[in-house]
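Observations on chain architecture
What follows is the residue order along each chain.
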Amino acid sequence: MKICSIFFLLFVGLMPAPAQDLDRLAREMLFGADTSCSRQCYQYFMSLLSDQRLETESILTPNGVAISPEAAAGCMLEHTRTQVFVRALYQAAKSVGKEDVKILYVGCGPLAPFMTLTAPLLPKARYSLVEISENAAASAGVLIRRLGLQHQLDTLIVADATAMQVPGALQYDIIITETMDAGLNGEMMIPILIHILPQLKKDVVLIPEEVTLELVCSKNTGHEAYQERRLIFTATDLLHCYFETGKFPETEVLPPPCANNAKSVICTTVRAFRDIYLYPEASAITRQIPIRYIPGKALHFAYSMTPPRLLVDGRWRWR
Ligand SMILES: C[S@@+](CC[C@H](N)C(=O)[O-])C[C@H]1O[C@@H](n2cnc3c(N)ncnc32)[C@H](O)[C@@H]1O
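None of the values given here were measured: they were computed from a predicted structure.

All right, on to the sheet that holds strand β10 (residues 251–253) then. A sheet is described by the order of its strands in space; here three strands give the open sequence β10-β14-β15, paired in antiparallel fashion. With partners counted over all chains shown, the strands left at the sheet margins are β10 and β15 (308–312), one partner each. Going across the sheet, the axis of each strand differs from the next one's by a mean of 30°, ignoring polarity. Sheet topology note: the β10/strand β14 (residues 299–305) ladder contains three bridges and is antiparallel. What sits directly across from V253, in β14, is L299.

Dropping the structure here:
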C-alpha cells in the first residue's frame, strides 16, 4: 500500500467527516423534496467506508433471511422507503415528550440510516443498534465514528434479534426495524417482534406501526388506482393472535370482482408512524404480488413463521 493511501486511511479513520455535510443531508432527507438525496447520502457514506469490504452473502436462519450487507447498504437508495422510515423515527422521537429519547434500532445494516440521518437533528437522542451480520455491524460502527456520532451510540450488538435478550430492555421509548419484504415474506420482522416486543415496555412506540396485507383488484399502478380491496391480515393481527394463542390467524377472503383489464394482487401498505405511509408500489418492500384465483371462490390465507411466509390455499406461491 502506498504511503499516501495509508495517510488517507488514517485521516479518514481518525477525523470525523464535516458535520455540515451530514447536517445538510439529514435535513434534506427529513424536510426536503430532493429525491436524489438518498443517492447523495449513499455515496457520501460509502466514500467514508471505502476501506471496508461489504459482504455479498445473505444469512439464512430458520426464522428467515437477513439480506447481505451489500444489499442492505443498497436499500438506502430506495428514496421513498428510506425517507418514510427516517421521517417516522424523527416524528416519533419528537412525540415522546423528552429530548433524551432512547431508540432501539434492530437491523441497522452497514449504513444505519435511521440513526445516521436522524441523530444530527435529535442531538440528545441515544441509540442502541442490533445487527445479525458481524460485517454490517462493523461497518456501521466505523461509519458512526467517522460521522462523529459515537457519543449518541449506546451499544452496537451483533445478535440475531429473534433469539436475543435485550440488555436494559425497559429503557427504550422507540423500537424501529425495517426487516420486511412484500407480503411479510422471507425477512424476519414478524419473528423479531414476537421475540423482542414482550421484553420492552408496553407503551414503546413501534416503527412501523402497522403493515397491512390486502387482496386488491388493481387497474393501474399507484395506490389511488386500486378499485376494490379486501383485508387479509395486518401485522398487528398476526402479533396479537400469536401472543394470545401461540398461533397465527387464518382467514378466508373472497377476491373482489375484477374487470378484464384489471389484475388481482396482494398489496402491502406500511404505516410507519401516524400519517407517514409507504404505499403499495412505492418501494420494493411494498411491491404488488400478482395472484391467480377462481372467480367466486374464496382464498384461504395463513401465515407461517419458520420461514416467514404468507400461505395461500396452503401453499407459498411466489418469491
Ligand atoms: C433491509 S436491511 C435494512 C438496513 C437499514 N436499516 C436500512 O434501512 O437501510 C435489514 C437489515 O436487518 C438485518 N437483520 C435481518 N434480520 C435480522 C435479525 N434477525 N437480527 C438482527 N438483524 C437482522 C440484516 O442483516 C440487514 O442488515
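To continue, consider the pattern of salt bridges. For side chains bearing opposite charge, pairing can occur when the charged atoms are close. Scanning all chains against the criterion turns up eleven salt bridges. As a salt-bridge pair, E99 and K124 come within 3.5 Å of each other at their nearest N and O atoms. A residue pair is termed long-range when its members are at least 10 positions apart, and E99 in the loop between α5 (79–95) and β3 (102–106) and K124 in the loop between α6 (113–116) and β4 (126–131) qualify at 25 residues. Residue E99 is classed as exposed on the basis of its relative accessible area of 56%. The exposure class assigned to K124 is exposed, which follows from its relative accessible area of 52%. With a closest N to O distance of 3.0 Å, D173 and K201 form a salt bridge. On the criterion of sequence distance, the pair formed by D173 in the loop between β5 (153–158) and β6 (174–177) and K201 in the loop between α8 (189–196) and β7 (205–207) is long-range, its members being 28 residues apart. We classify K201 as partly exposed; its relative accessible area is 26%. Three or more residues joined by partner-sharing salt bridges are found here, namely K98, D173 and K201.

Quick look at α5 now. Across its 17 residues, α5 extends 24 Å between first and last C-alpha, which sits within 8% of the 24 Å expected from 1.5 Å per residue. Burial runs high along α5: twelve of the 17 residues are buried. Every buried residue of α5 is listed here: H79, R81, T82, Q83, V84, F85, V86, A88, L89, Y90, A92 and A93. Residue G97 follows α5 closely and has a positive phi angle near 95°.

Attention shifts here to the nonpolar core. The biggest cluster of nonpolar side chains holds 99 residues, and the ones touching the most others in it are I175, L184, I190, I207 and F301. Among the elements that make up this core, the one with the highest residue count is α5 (eight residues).

A word on the side chain of T116. Its place among the elements puts T116 in helix α6. A relative accessible area of 0% means that T116 is categorised as buried. Within the local environment of T116, its side chain forms a polar contact with the backbone oxygen of L111, the two atoms lying 3.0 Å apart. Here T116 is in contact with L22, F45, L111, L143, I144, L147 and L149, once residues within four sequence places are set aside.

What follows deals with the packing of α8 against helix α9 (residues 235–245). In the contact formed by α8 and α9, the axes pass within 11 Å of each other and the chain directions differ by 45°. With respect to α9, the element α8 is oriented oblique. Remark: the crossing between α8 and α9 carries right-handed chirality. Counting all contacts with α8, which are made through M189, I190, L193 and I194, the residues of α9 involved are A235, L238, L239, Y242 and F243. Here the residues of the contact of α8 with α9 sort into nine nonpolar, no polar and no charged.

Scoring rules and cut-offs
Residues numbered from 1 in each chain as written. Predicted model: local features only at pLDDT ≥ 70, side-chain atom pairs only at ≥ 80, totals over all residues. Heavy atoms only, no water. Pairing = 2+ DSSP bridges. Helix = DSSP H or I, 4+ residues; strand = E, 2+ residues; numbered from the N terminus. Axes fitted to C-alpha atoms, helices over the stretch in contact; angles between N-to-C directions. Salt bridge = Lys/Arg side-chain N within 4 Å of Asp/Glu carboxyl O. Buried < 20%, exposed > 50% of the residue type's maximum accessible area, 1.4 Å probe, protein only. Expected span 1.5 Å × (residues − 1). Core = buried A, V, L, I, M, F, W, Y, C linked by side-chain atoms within 4.5 Å. Polar contact = N/O pair within 3.5 Å; in protein donor to acceptor, adjacent residues only side chain to side chain. Contact = heavy atoms within 4.5 Å. Parallel < 35°, antiparallel > 145°, perpendicular 65-115°, else oblique. Left-handed = near helix turned anticlockwise from the far one by under 90°. Nonpolar A, V, L, I, M, F, W, Y, C, P; charged D, E, K, R; others polar.

By themselves, these observations are geometric and do not establish any function.
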